[in-house]
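# A closer look at the structure
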Amino acid sequence: MNAILNGLVVILTCLAVLHVVGSPQTDSTQPPPSPAQQHPLHLPAAVGHTRVWVRKGQKEVAVRYYYCAAAVCLFFSSRYTEYHKRMAADWLGSLVSINCGATLGVYQGEVSSVDQSSQTISLRQPFHNGVKCPVPEVTFSAMDIKELKVLDIGSSRGGVVQKSSAPVSVPHIGDHRTQERLASPQQQCSTSSGDKHLEVSGQPKGFRRRHNSWSSSSRGANQVTPKKNGGGGGGGWGQRQHRDDECFGGNMDDSLDTDFDFEGNLALFDKAAVFSQIDGSDRHGNGARSRAMPQVQTSSQYRHNDNILETKPVGYRQILVPHPGDKEYCTDWGLVVPSISYELHKRLLSVAERHGLSLERRLEMTGVCASQMALTLLGGPNRLTPKNVHQRPTVALLCGPHVQGAQGISCGRHLANHEVEVILFLPNFVKVLDAVASELTLYSKTEGKRVSSIKELPDSPVDLIINCLDCHENTFLMDQPWYRAAADWANQNRAPVLSLDPPVSGQGHAVEAKWTLSLGLPLSLSEGAGRVYLCDIGVPRQVFQEVGIKYHSPFGCKFVVPLHSA
């Protein structure tokens with residue numbers, strides 16, 4: 001608009017100048033000659049002089065009109081410029097938020113200058129995306145500004161706003177909803193709108209800080225005042241806050257300026273006298289009902305990990321056997337687990353089988369516990385997931401024609417059901433135990449593979465080898481060719497070995513194991529057994545007591561626990 005008015009002034013001035021320059025050089029003050037003075041021979045000259053004078057008067061009137069119009073346009077242009085300068089000055093000191101798009105980001109700060117001619121705005125002490133800028137002032141062009149929000153009116157509007165140097169949290173630019181809930185610089189101001197009301201009403205600052213704790217100043221300088229959805233400028237919130245200011249902010253008693261003396265008033269209360277008076281009134285009112293004087297009991301000091309309730313000391317030796325073995329083990333909780341002889345172990349299983357814990361149940365429990373331990377050693381949930389089907393682990397089972405071999409086959413069946421590639425090595429025998437035959441029948445229904453020759457075993461290292469070659473009673477198996485060949489393959493393969501229910505230390509171990517899983521109670525194992533684990537096969541406590549063992553379960557919430565050498 002200002003440019004249009006200035007253009008009109010220039011055009012009108014140019015037209016006036018052109019009319020002045022283009023007019024003839026005659027004296028406009030002399031009137032045309034009268035008819036008496038005109039000579040009959042010079043009539044055309046007189047007529048022409050009169051026409052020149054008339055044309056000269058019309059041009060002067062037009063020039064005056066042009067100059068008047070130019071003056072009017074110049075007046076309105078100056079008033080328009082002054083009005084915009086005054087409007088620009090009114091917004092100085094205001095807090096604004098300028099969104100410059102995804103490239104430049106969001107800036108916040110105090111308006112320091114507004115230039116109408118160049119269409120620029122400058123911010124002092126700016127913050128860029130919540131971080132204070134290293135420069136004291138930033139200038140923005142109108143072409144770069146996508147959105148401008150006035151967050152708080154400056155001092156030119158009548159209110160005094162004290163800014164803090166804390167940045168306003170600016171969300172990610174791509175989140176439109178978060179930009180609509182952009183943190184207001186009111187959280188930077190230490191003086192809330194309620195405090196402004198008290199300042200206008202003439203209350204001192206100390207009174208405001210003491211008695212206006214309900215306002216936003218008690219919520220902290222960096223806490224955003226909550227707004228309702230679709231606030232539309234926050235008019236309703238301002239009216240409610242104004243009513244709260246009138247209700248809670250004014251007409252307070254000046255006696256509240258003094259702090260309350262808690263210690264002095266607490267010293268005036270005599271608890272002993274009050275309790276004695278209550279006790280006396282109870283005795284006089286009702287003889288059967290009496291209130292004794294409270295006894296002050298000094299309790300011991302407790303730590304954060306001490307139990308207030310008195311408990312019996314933990315007995316770490318809760319398992320006592322009639323004939324303990326050569327070694328003792330302990331669990332992670334410190335409970336002592338003694339080793340037993342193979343004869344006592346065999347008698348324990350016989351009594352359990354007589355009470356209903358059959359061999360099939362023991363095989364199933366042993367297979368479940370051994371497969372759980374093997375799955376943990378293979379990686380557990382970090383490797384065995386439905387999304388990791390292209391890295392299925394491979395387990396090699398080395399079994400013999402005995403009960404320990406049947407336990408290994410049961411373990412292989414459970415591993416095959418859990419998407420593990422199982423390779424079962426079992427030589428072809430003419431006759432095997434019924435338990436081994438039944439386990440082989442179930443194993444054949446899985447996707448596991450069975451081989452009878454060492455040559456069919458993989459040459460590359462597998463993930464885990466489970467050794468079930470040894471037997472507690474038949475020690476002559478170690479002299480068989482298939483046994484020696486299987487033991488040599490296991491020792492040459494670089495895979496770790498888990499030994500399942502190995503024999504006692506006197507018989508020796510052809511395969512060096514890294515882990516060993518014992519059943520019920522451990523036997524006296526040699527050093528080549530590796531780290532010993534104990535699994536629960538479901539033997540009841542009374543069965544232990546029947547064979548002379550004082551038993552308390554060391555498993556807790558688990559079925560397989562590690563054992564350490566005591």
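Parameters and conventions
- Residues numbered from 1 in each chain as written.
- Predicted model: local features only at pLDDT ≥ 70, side-chain atom pairs only at ≥ 80, totals over all residues.
- Heavy atoms only, no water.
- UniProt positions renumbered as here; feature names shortened; annotations may be inferred.
- Helix = DSSP H or I, 4+ residues; strand = E, 2+ residues; numbered from the N terminus.
- Buried < 20%, exposed > 50% of the residue type's maximum accessible area, 1.4 Å probe, protein only.
- Contact = heavy atoms within 4.5 Å.
- Areas by Shrake-Rupley, 256 points an atom, 1.4 Å probe, with all protein chains shown as cover.
- Core = buried A, V, L, I, M, F, W, Y, C linked by side-chain atoms within 4.5 Å.
- Axes fitted to C-alpha atoms, helices over the stretch in contact; angles between N-to-C directions.
- Parallel < 35°, antiparallel > 145°, perpendicular 65-115°, else oblique.
- Left-handed = near helix turned anticlockwise from the far one by under 90°.
- Patch = residues over 30% accessible without salt bridge, like charges linked within 9 Å, V, L, I, M, F, W, Y side chains within 5 Å.
- Salt bridge = Lys/Arg side-chain N within 4 Å of Asp/Glu carboxyl O.
- pLDDT = per-residue confidence, 0-100.
- Nonpolar A, V, L, I, M, F, W, Y, C, P; charged D, E, K, R; others polar.
- Pairing = 2+ DSSP bridges.
- Phe/Tyr/Trp six-rings, centres within 6.5 Å; stacked < 30°, edge-to-face > 60°.

By the naming in an unreviewed UniProt entry, the chain is Enhancer of mRNA-decapping protein 3, taken from Coregonus suidteri. Per UniProt, the chain has the following entry under Subcellular location (unreviewed entry): "Cytoplasm, P-body". Under the UniProt heading Sequence similarities (unreviewed entry), the note attached to the chain is "Belongs to the EDC3 family."

Next up on the list: the overall build of the chain. For the chain, the helix and strand inventory stands at 15 helices and 16 strands. A total of 566 residues make up the chain; the buried ones form 35% of that total. Counted over contacts in the chain with a minimum sequence separation of 6, partners at least 24 positions apart contribute 63%. Carbon together with sulfur atoms contributes 55% to the accessible area of the chain, which is approximately 34,700 Å² in total.

Next up on the list: the nonpolar core. With 61 residues, the main nonpolar core has Leu415, Ile466 and Ile549 as its most contacted residues. No other element matches the 6 residues that helix 11 (residues 359-377) contributes to this core. If near-sequence neighbours (up to four positions away) are discounted, Ile466 is found in contact with Ala374, Val395, Ala396, Leu397, Leu398, Cys411, Leu415 and Leu498. In this structure, Ala396, Phe425, Leu477 and Val497 belong to the second largest nonpolar core, which totals 21 residues.

Two elements in contact, helix 12 (residues 403-417) and helix 13 (residues 434-443), have axes whose closest approach is 9 Å; the angle formed by their N-to-C orientations is 15°. Here helix 12 lies roughly parallel to helix 13, going by the angle between them. In this structure, helix 12 meets helix 13 at a crossing whose hand is left-handed. Seen from helix 12, the contacting residues are Ala406, Ile409, Ser410, Gly412 and Arg413; seen from helix 13, they are Ala435, Val436, Glu439, Leu440, Leu442 and Tyr443.

Before going further, it helps to examine a nonpolar patch on the surface. On the surface, a nonpolar cluster with roughly 300 Å² of combined accessible area is contributed by Trp91, Leu148, Val150 and Ile153. Tracing the sequence through the fold places Leu148 in strand 6 (residues 147-152).

This prediction gives the chain a mean pLDDT of 74; 63% of its residues lie at or above 70. Confidence drops under pLDDT 50 across residues 155-234; counting only partners more than four residues distant or on other chains, this segment forms 126 contacts. In the model, residues 287-296 has pLDDT below 50 throughout and makes 13 contacts with residues more than four positions away in sequence or in other chains.

Our next topic: the packing of helix 11 against helix 12. Packing of helix 11 against helix 12 leaves a shortest axis separation of 8 Å and a crossing angle of 55°. With respect to their mutual orientation, helix 11 and helix 12 come out oblique. Like other packed secondary-structure pairs, helix 11 and helix 12 cross with a definite hand, here right-handed. Contacts between helix 11 and helix 12 involve Leu359, Leu363, Glu364, Thr366, Gly367, Val368, Ala370, Ser371, Ala374 and Leu375 on the former and, on the latter, Val403, Ala406, Gln407, Ser410, Cys411, Arg413, His414 and Leu415. Within the contact of helix 11 with helix 12, the residues separate by chemical class into 10 nonpolar, 6 polar and 2 charged.

What follows deals with the sheet that holds strand 15 (residues 531-535). Here we have 10 strands laid out as an open sheet, ordered 8-7-16-15-14-13-12-9-10-11, and mixed in their pairing. Pairing within the sheet leaves two strands with one partner each, and these edge strands are strand 8 (336-338) and strand 11 (449-451). Sheet twist, expressed as the average angle between the axes of neighbouring strands with direction ignored, equals 30°. Judged from the 3 bridges that link them, strand 7 (residues 328-330) and strand 8 form a sheet pairing that is antiparallel. From the neighbouring strand, Glu328 faces strand 8, where its bridge partner is Pro338.

So, on to the packing of aromatic side chains. The relative placement of two aromatic rings is captured by the distance of their centres and the angle of their planes. Taken as a whole and assessed by the stated rule, the structure comprises 4 aromatic pairs. Where Phe544 meets Tyr551, the ring centres are 3.9 Å apart and the plane angle is 5°; that geometry is what we call stacked. Note on accessibility: Phe544 and Tyr551 belong to one class, buried. An aromatic cluster is present here, built from Phe429, Trp482 and Tyr483 joined pairwise through their rings.

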